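Fold and geometry: a report
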Amino acid sequence: MASKEAHDPETAAIDGEVLSACRAGERSAQQRVYELCHLQVYRLMVRMVGLQDAEDVTQQVFLQVFRKIDQFDGHSKFETWLYRLAMNEALQQLRKGRRWKFQPLTHDPMSVAKPEEERGEEKELLEQALARLDPELRALFVLREIEGLSYRQIAETINIPEGTVGSRLNRARRELQQHLSELGWKP
Amino acid sequence: MNCPDIKNLLSAYLDGELADELRADVSAHLERCPDCTHEFQGFEKLSRMASTLQSAVPPEHLWKRIETELDQSLDADRSRRQPMAWAARWFVASPRWMTAAALLVAIGISWFAYQAWTPQGKHEQFTADFSHYLTEFRRDPDVAQQFLLAKYEHRPLLPDQAIQTVGYRPAVANGLPPDYRMESTNVINMPCCTCVETVCQRSDGSRLVIFEHNDLDPQWFDDRPEIAAHCQGRQCRLVEVNDRLAATWSHDQRHITVIGIQDLDELSQLVAWFDNGK
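Definitions and limits used
Residues numbered from 1 in each chain as written. Chains lettered and ligands numbered in written order. Predicted model: local features only at pLDDT ≥ 70, side-chain atom pairs only at ≥ 80, totals over all residues. Heavy atoms only, no water. Helix = DSSP H or I, 4+ residues; strand = E, 2+ residues; numbered from the N terminus. Buried < 20%, exposed > 50% of the residue type's maximum accessible area, 1.4 Å probe, protein only. Contact = heavy atoms within 4.5 Å. Areas by Shrake-Rupley, 256 points an atom, 1.4 Å probe, with all protein chains shown as cover. Axes fitted to C-alpha atoms, helices over the stretch in contact; angles between N-to-C directions. Left-handed = near helix turned anticlockwise from the far one by under 90°. Nonpolar A, V, L, I, M, F, W, Y, C, P; charged D, E, K, R; others polar. Core = buried A, V, L, I, M, F, W, Y, C linked by side-chain atoms within 4.5 Å.

The secondary structure content of chain B amounts to nine helices and eight strands. Scored against the burial criterion, the 278 residues of chain B give a buried share of 43%. The contacts in chain B between residues at least 6 apart in sequence include a share of 52% that link residues at least 24 apart. Carbon together with sulfur atoms contributes 54% to the accessible area of chain B, which is approximately 15600 Å² in total.

In structure tokens:
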């Protein structure tokens, strides 16, 4: 069967010309890459390291992207390569243990309309449960459920065999449910 | 397919990653199995909850910060290149510097070789390897097991056969508590001791590893803080390793160390089980 692939129209706009200019260190090309990808990277970092550190880690991710752009060989999609760099940076940050237990995003800066009370509580609980989840499992859950990546893309991003993605996601979902139950969630 | 097989496929089923035939098998099973259906509905609910999470907006000044950092890197690169070119020219033109550098490299290599060869060096290497194993075990037990077996001489065997190699019948030969399944047993020859290692699977698919060994303190946990606790009348030494417990207690003439324990209840259950099985 055909596997689902997440195609971000923004990152798809990063073509060979932009990448070549980036490799040459052209600032306008670097800015273009940033403009096309920063929402995606920042969103991922908020979920991985927390709102408090997301800005710093996003900055590090883009500095790494521009330093290592020569290493992007085009065998995978640019989006997958970007996710890999971002995830490595986030996991490295978490391993440093500086702020292992990050502050979950309890106040959503994008929320414009007040959600229903119950749904709002559930979101808050999920934020807290995600913060308690092991970072590697959190990465899997976020890449699948929030970024919508296919198992193949997830495997390429975090460098694990594709055949193990499903079983690891089972573990992530079970542990997340357990954390939610401990927080008083009733399915 | 039975329930554990189906449960292993639930995420792939939910995420649309199964081939048609397998997908039909899972669908058919879910129609008649309330237990698996309950777990699947839990996964679906999580998925719906995750879809309601909204995105945060990055601060507007972020590009400026990145740009400043890029400019500073460029300046630093330029200033590094100039003295380096000067140093390179001087280095090539000065045979005395080449001799001194070669001598330093030789001393460095000898020092590291000596460190690795001494008992202290071997011990440090072992504790570093085992620490890596413990960290990896929490992340991916399969990868951790492969790492351990690649590092040390080992022999896979059935628990009953271990007596011929280690001289005792390991505790796991009497079986495991209900809800645990034995995956593999190896006799591993580590620098600290020769031990019987058994990888076990819980009913939810997660793993723990049981080591049986002669020495009380094989120094597996390096300088991680440990606490002593009485558990089912036995004194256990506990170490926290990445949100899980590792525990050692004496059993028969030897010691049992278990890695990947979820909580004290599970530890009590294991201590009681092996005590009763003696």
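Moving on, there is more to tell.
Mapped onto the elements, His38 of chain A comes out in helix H3 (residues 27-49). Given a relative accessible area of 16%, His38 of chain A falls into the buried group. Setting aside anything within four residues of it in sequence, one finds His38 of chain A in contact with Phe62 of chain A together with Pro58 of chain B.

So, about the packing of H3 of chain A against helix H5 (residues 78-95) of chain A. Residue and element names in this part refer to chain A. The geometry of H3 relative to H5 is characterised by a closest axis approach of 10 Å and an angle of 40° between their N-to-C directions. Considering the relative orientation of H3 and H5, their crossing is right-handed. Along its contact with H3, which presents Val33, Cys37, Gln40, Val41, Leu44, Met45, Met48 and Val49, the element H5 presents Phe78, Glu79, Leu82, Tyr83, Ala86, Met87, Ala90, Leu91, Gln93 and Leu94. Partitioned by chemical class, the residues of the contact of H3 with H5 number 15 nonpolar, two polar and one charged.

What follows deals with the packing of H3 of chain A against helix H7 (residues 135-146) of chain A. Packed helices, taken two at a time, are described by their axes: the angle between them and the distance between them. All names here are of chain A. Between H3 and H7, the shortest axis-to-axis distance is 10 Å and the interhelical angle comes to 145°. In this structure, H3 meets H7 at a crossing whose hand is right-handed. Across the interface between the two elements, Arg43, Leu44, Arg47 and Met48 from H3 touch Pro135, Arg138, Ala139, Val142, Leu143 and Ile146 from H7. A breakdown of the residues in the contact of H3 with H7 according to their chemical character gives seven nonpolar, no polar and three charged.

The subject of this paragraph is the nonpolar core. Nonpolar side chains tend to gather and get buried jointly when the protein is soluble and globular. Among the nonpolar cores identified, the biggest contains 81 residues, and Cys37, Met45, Val65, Phe66 and Phe78 of chain A together with Ile66 of chain B are the most heavily contacted of them. Counting residues per element, this core draws most heavily on H3 of chain A, at 12 residues. Not counting chain neighbours up to four residues away, the residues in contact with Met45 of chain A comprise Gly50, Ala54, Val57, Thr58, Val61, Ala86 and Ala90 of chain A. Residues Tyr152, Cys195, Trp220 and Ile259 of chain B belong to the second largest nonpolar core, which totals 23 residues.

Note that every value here comes from positions in space, so none of it alone points to a role or purpose.
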